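# Close look at the chain arrangement
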Amino acid sequence: MPQPRYELVAFDLDGTLVAHHEPIWKTLHERLGTDPAERARVVGLGLSGAIAYADWFAHDVRMLRAAGARRDDVVAIARSLEPAPGARALVEDLRRGGARVAILSGGVDLVLDTVLGGLDFDAVHINRLHFDGAGALSGGEPTPYDRQHKAAGLRALARRFGVATGRTAFVGDGPNDVAAAEVAGLSIAWGDAPAELIAASHHHERGPHLDALRPHLFR
Ligand SMILES: [Mg+2]
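Predicted model, so just to flag it, every value in this text is computed and none were measured.

Rules of the game
- Residues numbered from 1 in each chain as written.
- Predicted model: local features only at pLDDT ≥ 70, side-chain atom pairs only at ≥ 80, totals over all residues.
- Domains from an automatic or database assignment.
- Contact = placed C-beta atoms within 7 Å.
- Helix = DSSP H or I, 4+ residues; strand = E, 2+ residues; numbered from the N terminus.
- Nonpolar A, V, L, I, M, F, W, Y, C, P; charged D, E, K, R; others polar.
- Axes fitted to C-alpha atoms, helices over the stretch in contact; angles between N-to-C directions.
- Parallel < 35°, antiparallel > 145°, perpendicular 65-115°, else oblique.
- Pairing = 2+ DSSP bridges.
- Right-handed = clockwise from strand over helix to strand, strands pointing away.
- Buried ≥ 20, exposed ≤ 12 C-beta atoms within 10 Å, placed from the backbone.

## Focus: the domain arrangement of the protein chain
Per the domain assignment, the segments making up the protein chain are domain 1 (8–19 + 83–217) and domain 2 (24–79). The straight-line distance from the C-alpha centre of domain 1 to that of domain 2 is 21 Å. Contacts between the two partners involve 19 residues from domain 1, matched on the other side by 15 residues from domain 2. Secondary structure elements with two or more residues in the side of domain 1 that touches domain 2: strand S4 (100–108), helix H6 (109–115), strand S5 (123–131) and strand S6 (137–141). In terms of residue class, the side of domain 1 that touches domain 2 is built from nine nonpolar, seven polar and three charged.

## Re the packing of helix H2 (residues 36–48) against helix H3 (residues 53–66)
A pair of packed helices is captured by two measures, namely the crossing angle of their axes and the spacing between those axes. Following both chains from N to C, one finds H2 and H3 inclined at 170°, their axes separated by 10 Å at the closest point. If you check the angle between H2 and H3, you find them roughly antiparallel. From H2, Glu38, Arg39, Val42 and Gly46 reach across to H3, where they touch Trp56, His59 and Met63. Its residues placed into classes, the contact of H2 with H3 shows three nonpolar, two polar and two charged.

## Description of the pairing of S5
Pairing of S4 with S5, which is carried by four bridges, proceeds in the parallel orientation. Residue pairing for S5: Val108 is matched across the bridge by Asn127. Between the parallel elements S4 and S5, the chain passes through H6 in a crossover that is right-handed. Pairing analysis gives four bridges linking S5 to S6, with the strands arranged antiparallel. Across the sheet, residue Arg128 finds its bridge partner in S6, namely Glu141. Counting the residues in the hairpin turn of S5 and S6 gives five residues, including Gly135, whose phi is positive at 90°.

## What to know about the pairing of S4
Along S4, nine of the nine residues are buried, which leaves the element largely enclosed by surrounding structure. The two faces of S4 match: Arg100, Ala102, Leu104, Gly106 and Val108 on one face and Val101, Ile103, Ser105 and Gly107 on the other face are all buried. As judged from the four bridges shared by strand S1 (residues 8–11) and S4, these two strands associate in the parallel manner. The partner of Leu8 across the bridge, within S4, is Arg100.

Dropping the structure here:
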């Protein structure tokens, strides 16, 4: 059995364990037909820091509700996505070898449940969407750990599992992964990562098969 080099391995979801070429929120808004002008306004507020992440999430949920978003719609969009090749086997082998494996994602819980259903993680930090009894989007709960807060998320996971941050590894593909990459004992920029993430990470692997991570994550 391959032996993990790190006691805790945290993964981003969209674009990393799930093959996807754009942020899942962009996909949800476009497929569900929210107002593009309102969306652009909110993205501007969020990226500039004028509103907190939780408020950004609340605006996203409000716009999706106004567009009539339903659980079935989100599941249908998630079903159009695939796991990144090698994702299930990589997570299973890390956990079988004794490593803790966590998700640190600014994506949506239904995508994880739909695309990687049945795969066990030791911890999952992700945005959660809530639906009413008739299946309509009714609200949600934002992750405390996206963007600059992914670093705090990795530290919190390390504390929870009694692992020094130097013994953690993190893999992500987006500009929202930079803070976590700066904290991890080993950070790997994945796939089509932006220059800022590649600069903040120890390694860059282009993929698309996650087996490219194995020489870094196993002895
Ligand atoms: Mg990503």
